[in-house]
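For reference, the chains in residue letters:
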Amino acid sequence: MLSGPSGSGKGTVLKELLAKNNNLFLSVSATTRSPREGEVHGKHYYFLSKDEFEARIAGDGMLEYASYCGNYYGTPKDAVYEMLNAGKDVILEIEVQGAMQIKERCPDAVFVFVMPPSMNELKHRLTDRRTEDAETVAKRMQAAVDEIRASYQYDYIVVNDTVSEAANTLDEIIRVQKCSTGHMKEFIDEVLEDE
């Protein structure tokens, strides 16, 4: 699970990581909102009807979900497990609320929070985008404080001072996790069987 406040650069870090690590699969979220121009079903989102989405909820087919502005958003369980079973490392770029739902359902998942180097830098990044007015930036800054407070519940913090360093750190976390006892249990059992 990869989370971080708006402006932390998590999407940019993730893009660099995906370019250098071929074993990664970025989970595609599902939504009931209509596709925007240029968005492709299965690439940007799985676009589902409200009935389809609710059927997945009822059938335990979503790892997490939330309703926002009258539409559902969530992570389809089947696509994630299909990739995990194929040996891929699956990354979900997800909001804190969704990550906490997954933490309850998948306690073995690894939770990484992308942090700005400072609140001043975060404000600078949000302002430099020039895509939002001062009131929206202030709301995003307040939301960032709340999200950063939730970062104590994550396993790792990656400070995005430079994109390449942050991507390298995230890649190292993935490699280290593969050496964890929980991940190596089958291997340990195989070694012991050779005795």
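Model, not experiment: these values are computed from the prediction. Position numbers for residues start from 1 in each chain and track the written sequence from start to end. Where local features are concerned, this predicted model is filtered to residues with pLDDT of at least 70; where side-chain atom pairs are given and counted, the filter is 80 or more; whole-chain, interface and lining totals use all residues. Only hydrogens and water are set aside when side-chain values are computed; all heavy atoms of the structure are taken into account.

Our focus in this paragraph is the packing of aromatic side chains. We call Phe, Tyr and Trp rings a pair once their centres come within 6.5 Å, taking the six-membered ring for Trp, and we label the pair stacked below 30 degrees between planes, edge-to-face above 60, and tilted otherwise. Tallied over the full model, the rule gives 6 aromatic pairs. For the pair Tyr45 and Tyr73, a centre-to-centre distance of 6.2 Å together with 65° between the ring planes defines the contact as edge-to-face. Separated by 28 residues along the polypeptide, Tyr45 in the loop between strand S3 (30-31) and strand S4 (46-47) and Tyr73 in strand S6 (residues 71-76) bring together distant segments of the chain. Judged by centre distance (6.1 Å) and plane angle (80°), the rings of Phe111 and Tyr154 are edge-to-face. Placement of Phe111 in the loop between helix H4 (96-105) and strand S8 (112-115) and of Tyr154 in the loop between helix H6 (134-150) and strand S9 (156-159) is noted, with a sequence separation of 43 residues between them. Per residue, the accessibility class of Phe111 equals that of Tyr154, and both read buried. Members of the aromatic cluster, each reached through a chain of ring pairs, are Tyr45, Phe47 and Tyr73. Lysine NZ or arginine CZ positioned within 6 Å of the ring centre and within 35 degrees of the ring normal marks a charge as sitting over the ring. When the ring centre of Phe111 is taken as reference, the NZ or CZ atom of Lys103 above it lies at 4.8 Å. Helix and strand assignments come from DSSP, with helices taken as H or I runs of at least 4 residues and strands as E runs of at least 2, each series counted from the N terminus. Burial classification: accessible surface area is computed with a 1.4 Å probe over protein chains only, and a residue below 20% of its type maximum counts as buried, one above 50% as exposed, and the rest as partly exposed.

A few words on the sheet that holds S8. Pairing between strands is defined by DSSP: at least two bridges between them are needed. With parallel pairing, the 3 strands of this open sheet are ordered in space as S1-S8-S9. Either end of the sheet is taken by a strand with one partner, and the two such strands are strand S1 (2-3) and S9. In the sheet, S1 pairs with S8 via 2 bridges, with the strands oriented parallel. Looking at the pairing, Leu2 lines up with Val112 of S8.

Geometry of a packed helix pair, given as the angle between the helix axes and the separation of the axes. Note on geometry: axes are C-alpha line fits, over the in-contact stretch for helices, and angles between N-to-C directions span 0 to 180 degrees. The contact between helix H5 (residues 119-129) and H6 brings their axes to 10 Å, and the two run at 140°. Considering their axes alone, H5 and H6 lie oblique with respect to each other. The hand of the H5/H6 crossing is right-handed. Packed against H5, whose contacting residues are Met119, Leu122, Lys123, Leu126 and Thr127, the element H6 presents Val137, Arg140, Met141, Ala144, Val145 and Ile148 at the interface. For this classification, the nonpolar set comprises Ala, Val, Leu, Ile, Met, Phe, Trp, Tyr, Cys and Pro, the charged set comprises Asp, Glu, Lys and Arg, and every other residue, Gly included, is treated as polar. The residue inventory of the contact of H5 with H6, partitioned by class, reads 8 nonpolar, 1 polar and 2 charged. Should an angle fall under 35 degrees it is taken as roughly parallel, and over 145 as roughly antiparallel, whereas 65 to 115 is taken as roughly perpendicular and any remaining angle as oblique. By convention, the crossing between two helices is left-handed when the near helix turns anticlockwise from the far helix through less than a right angle, and right-handed when the turn is clockwise. By definition, residues are in contact when any of their heavy atoms lie within 4.5 Å.

Bringing the sheet that holds S6 into the picture now. Note: strands within a sheet are paired through backbone hydrogen bonds, in either parallel or antiparallel orientation. A sheet is described by the order of its strands in space; here 4 strands give the open sequence S4-S3-S6-S5, paired in mixed fashion. Two strands in the sheet have a free side with no partner beyond their single neighbour: S4 and strand S5 (62-68). Alignment of S3 against S6, held across 2 bridges, turns out to be antiparallel. From the neighbouring strand, Ala30 faces S6, where its bridge partner is Gly74. Running over the sheet, helix H2 (residues 50-58) touches S3, S5 and S6 and is turned about 45° from S6.

Grouping into patches uses exposed residues only, defined as over 30% relative accessible area, and leaves out salt-bridged ones; the cut-off is 9 Å for like charges and 5 Å for nonpolar side chains (Val, Leu, Ile, Met, Phe, Trp, Tyr). Note on areas: Shrake-Rupley, 1.4 Å probe, and residue coverage restricted to the protein chains presented here. Basic side-chain nitrogens of Lys or Arg form a salt bridge, by our definition, when they fall within 4 Å of a carboxyl oxygen of Asp or Glu. Residues Phe187, Ile188, Val191 and Leu192 make up a contiguous nonpolar surface patch of roughly 360 Å² in combined accessible area. Along the chain, Leu192 falls in helix H8 (residues 185-193).

As a further point, take the pairing of S5. In this sheet, S6 lies alongside S5 in antiparallel orientation, the contact comprising 6 bridges. By the bridge assignment for S6, Met62 is matched with Pro76. Connecting S5 to the antiparallel partner S6 that follows it, the hairpin turn spans 2 residues, and Cys69 within it adopts a positive phi of roughly 55°.

Glancing now at the side chain of Ser151. Checked against the element boundaries, Ser151 lands in the loop between H6 and S9. Engagement of the side chain of Ser151 in a polar contact is seen with the backbone oxygen of Ile148, the distance being 2.6 Å. Sequence-distant contacts of Ser151, that is, excluding residues within four places in its chain, are made with Phe113, Met115 and Ile157. Nitrogen and oxygen atoms within 3.5 Å of one another constitute a polar contact, given that in protein one can donate a hydrogen and the other can accept it, and given that sequence-neighbouring residues count only through two side-chain atoms.

With respect to the helices and strands, Lys15 occurs in helix H1 (residues 10-20). Owing to a relative accessible area of 65%, Lys15 belongs among the exposed residues under this scheme. Residues Lys15 and Met1 lie 14 residues apart in sequence; the distance between their C-alpha atoms is 15 Å.

Contact pair H1 / helix H7 (residues 163-177): the axes reach a minimum separation of 9 Å and the direction vectors enclose 60°. Relative to H7, H1 is oriented oblique. Of the two possible hands of crossing, H1 and H7 adopt the one that is right-handed. On H7, the residues that touch Thr12, Val13, Glu16, Leu17 and Lys20 of H1 are Val163, Ser164, Ala166, Ala167, Asn168, Leu170, Asp171 and Ile174. Its residues placed into classes, the contact of H1 with H7 shows 7 nonpolar, 3 polar and 3 charged.

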